[in-house]
Amino acid sequence: LRTVHVGERGWFVLLDSRGNALYHPDAAQVFRRPLGARSPRWWQARPDGVLRAAGHEDALYASAAISPLCTGTGEPWYLVGFIPYLEVAMPLRHYRLVIAITTVVTLIAVILAGIVLSRGLAGPLGAITRAAQQVAAGDLKIHVEEGGAKELCDLAQAFNRMIEQLREYREH
């Protein structure tokens, strides 16, 4: 177990059926109950979670029972792996920040694109609206500039044809 690493600062503990450490990274803890009053049944009932111990940083853990057939003792052993909570949480905080910044930048880009597109539509439509008001007032000398998106250009052409036809009807 000394060669197995859990993240940068994680560790394993091997417990016998009474909760005594058969392996612990701190040799002084071997054959003691390094995890307090937590019995092997506690680890079996809660195979993973967050361990909060007074005086220690929170750690995520996962435990697994080792079959009595494998231990040769007739009793199960328990392997419990720990990794400090902050070692897992810090990269997640970084990703949350990246996602938040990306969301804000995307939102700003969408708003700016909306403003540009709306101005691109509002300008030609406003010109056609003003021309229609002038035609309604009797001014048939008006001509609408044909530009912009294809649909707006088609509308301006149709409006100019309509004005031309009105001029022809008025002259006849």
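Details of the structure are given in the entry above.
Numbering of residues starts from 1 in each chain and follows the order in which that chain's sequence is written. It should be noted that, the model being predicted, local features are given only for residues of pLDDT at least 70 and side-chain atom pairs only at 80 or more, the latter also being counted only at that level, while totals for whole chains, interfaces and linings use all residues. For the side-chain quantities, the full set of heavy atoms in the structure was used; hydrogens and water were omitted.

1. Observations concerning the overall build of the protein chain
Formally: Think of it this way: any DSSP run of H or I at least four residues long counts as a helix, any run of E at least two long counts as a strand, and we number them from the N terminus. Per-residue accessibility, obtained with a 1.4 Å probe over protein chains only, is compared with the maximum for each type, and a residue is labelled buried under 20%, exposed over 50%, and partly exposed between these values. Only heavy atoms enter the contact rule, under which two residues are in contact if any of them lie within 4.5 Å. With residues, only the protein chains shown are counted as cover, and all accessible areas are computed by Shrake-Rupley using a 1.4 Å probe. By the counting scheme adopted, Arg and Lys are positive, Glu and Asp are negative, and His together with the chain ends is not counted. To locate a charge, take atom NZ for lysine, CZ for arginine, CG for aspartate or CD for glutamate.
Counting secondary structure elements, the protein chain contains 4 helices and 5 strands. Within the span of the protein chain, comprising 172 residues, buried residues form 22% of the whole. Across the protein chain, contacts joining residues at least 24 apart in sequence account for 40% of those joining residues at least 6 apart. For the protein chain, the accessible surface area stands at approximately 12100 Å², while carbon and sulfur atoms represent 61% of it. Distance between charge centroids for the protein chain: 12 Å, based on 18 positive and 16 negative side chains.

2. Description of the sheet that holds strand β1 (residues 11-15)
Counted only if it meets this: Note on pairing: DSSP must find at least two bridges between two strands before they are called paired. Axes, fitted as lines to C-alpha atoms, cover a helix only where it is in contact. Angles between the N-to-C directions of the axes lie from 0 to 180 degrees.
The 5 strands are arranged β2-β1-β5-β4-β3 in an open sheet whose pairing can be described as antiparallel. Pairing within the sheet leaves two strands with one partner each, and these edge strands are β2 (21-23) and β3 (48-51). Within the sheet, the average angular offset between the axes of one strand and its neighbour, ignoring direction, is 35°. Each of β4 (59-66) and β5 (77-84) touches helix α3 (residues 85-136); the most contacted strand, β5, lies at about 45° to it.

3. A short note on the nonpolar core
As a reminder of what qualifies: In these notes, a set of buried Ala, Val, Leu, Ile, Met, Phe, Trp, Tyr and Cys residues joined through side-chain atoms within 4.5 Å is what counts as a nonpolar core.
Ranked by size, the top nonpolar core spans 10 residues in total: V13, L15, A21, W43, L51, A59, Y61, Y78, V80 and F82. The set of elements that each furnish at least two residues to this core consists of β1, β4 and β5. Ranked by the residues each element gives to this core, the list is headed by β5, at 3 residues. Within the second largest apolar cluster, 9 residues are counted, among which are I128, V135, I142 and V144.

4. With respect to the packing of α3 against helix α4 (residues 150-171)
Convention followed: Oblique is the label for every angle not falling under 35 degrees (roughly parallel), over 145 degrees (roughly antiparallel), or within 65 to 115 degrees (roughly perpendicular). Amino acids outside the nonpolar list (Ala, Val, Leu, Ile, Met, Phe, Trp, Tyr, Cys, Pro) and the charged list (Asp, Glu, Lys, Arg) are all regarded as polar, and Gly is one of them.
Remark: α3 packs on α4, axes separated minimally by 11 Å, with the N-to-C direction vectors making an angle of 10°. Between α3 and α4, the interaxial angle falls into the category roughly parallel. Across the interface between the two elements, G120, L121, P124, L125, I128, A131, A132 and V135 of α3 pack against L152, L155, A156, F159, I163 and L166 of α4. A per-class count over the contact of α3 with α4 returns 13 nonpolar, 1 polar and no charged.

5. Structural notes on the pairing of β1
In terms of burial, β1 is largely enclosed, as 4 of its 5 residues are buried. Across 5 bridges, the pairing between β1 and β5 is antiparallel. Residue pairing across strands places W11 opposite F82, the latter belonging to β5. Sheet analysis places β1 next to β2, joined by 2 bridges and oriented antiparallel.

6. Considering α4
Under the convention used in this document: Helix span, expected: 1.5 Å multiplied by one less than the number of residues in the helix. It is the directions from the helix axis to the C-beta atoms that the arc portrays.
Taking 1.5 Å of rise per residue, the 22 residues of α4 would be expected to cover 32 Å, and the 32 Å separating its terminal C-alpha atoms lies within 8% of that figure. Within α4, burial applies to L152, C153, A156, F159, N160 and I163. For α4, the arc enclosing every buried residue in end-on projection is 125°, short of the 170-degree limit, so these residues lie on one face. In α4, those exposed residues whose orientation departs by more than 90 degrees from the buried face are K150, E151 and Y169. Against the buried residues of α4 lie α3.

7. Focus: α3
Think of an α-helix as turning once every 3.6 residues; residues three or four places apart then point the same way. Under the 1.5 Å per step criterion, the end-to-end length of α3 is 74 Å for 52 residues, consistent within 8% with the ideal 76 Å. Those residues of α3 that fall on the buried side of the exposure criterion are A89, G126, I128, A131 and V135. The secondary structure elements touched by the buried residues of α3 are α4. Immediately beyond the C-terminal end of α3, within one or two residues, lies G138, with a positive phi of roughly 105°.

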